[in-house]
Amino acid sequence: MLSHHELATLLLIRDANAPVQTLDSDFLALQRYRLVEMDEAGGDPTLRLTMRGRELLRRLTRDEGGDDSDE
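Figured I'd write up the structure that's included with this text. (Residues numbered from 1 in each chain as written. Predicted model: local features only at pLDDT ≥ 70, side-chain atom pairs only at ≥ 80, totals over all residues. Heavy atoms only, no water.)

Some details on the side chain of D26
Thought 1: Among the structural elements, D26 can be located in helix 2 (residues 25–32).
Thought 2: No salt bridge is formed by the buried D26; its nearest oppositely charged neighbour, R32, is found at 8.6 Å.
Thought 3: The residues touching D26, leaving out its near neighbours within four places in the chain, are S3, H5, E6 and T9. (Helix = DSSP H or I, 4+ residues; strand = E, 2+ residues; numbered from the N terminus. Buried < 20%, exposed > 50% of the residue type's maximum accessible area, 1.4 Å probe, protein only. Lys, Arg positive; Asp, Glu negative; His and termini not counted. Salt bridge = Lys/Arg side-chain N within 4 Å of Asp/Glu carboxyl O. Contact = heavy atoms within 4.5 Å.)

Here's what the structure looks like:
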């Protein structure tokens, strides 16, 4: 289960207009859960959502365009 800090961090990564470069315990936990990954291309490493992270947020926020056929 994600803490509220980890969930907020996941949303921050999704909504950031610039690459997120901060590494703290929340980011490291999300990486351990395979919800974010390091992108080291282009110099400084940055974090981005994995497919698993995007899917989790889609389900939690019910983003439009998703398949809600189970309702």
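Having seen the model, we can carry on.
Quick look at the packing of helix 1 (residues 4–15) against helix 2
Thought 1: Direction vectors running N to C along helix 1 and helix 2 enclose 80°, while the axes themselves pass 9 Å from each other. One way to sum up the angle between helix 1 and helix 2 is to call them roughly perpendicular. Residues H5, E6, T9, L10, L12 and I13 of helix 1 form the contact with helix 2, whose own contacting residues are D26, F27, A29 and L30.
Thought 2: Across the contact of helix 1 with helix 2, the residue classes tally to six nonpolar, two polar and two charged. (Axes fitted to C-alpha atoms, helices over the stretch in contact; angles between N-to-C directions. Parallel < 35°, antiparallel > 145°, perpendicular 65-115°, else oblique. Nonpolar A, V, L, I, M, F, W, Y, C, P; charged D, E, K, R; others polar.)

Thoughts on unusual backbone geometry
Thought 1: Notably, R34 is not glycine yet its phi reads approximately 60°, a positive angle.
Thought 2: Relative to the assigned elements, R34 resides in the loop between helix 2 and strand 1 (36–39).
Thought 3: With a relative accessible area of 55%, R34 lands in the exposed category.

Describing the pairing of strand 1
Thought 1: Direction of pairing for strand 1 relative to strand 2 (residues 46–49): antiparallel, over a ladder of four bridges. Following the sheet pairing, D39 is matched in strand 2 by T46.
Thought 2: Taken together, strand 1 and the strand that follows it, strand 2, pair antiparallel across an intervening segment of six residues, in which G42 is found at a positive phi of about 85°. (Pairing = 2+ DSSP bridges.)

Read these as geometric descriptors, not functional statements.
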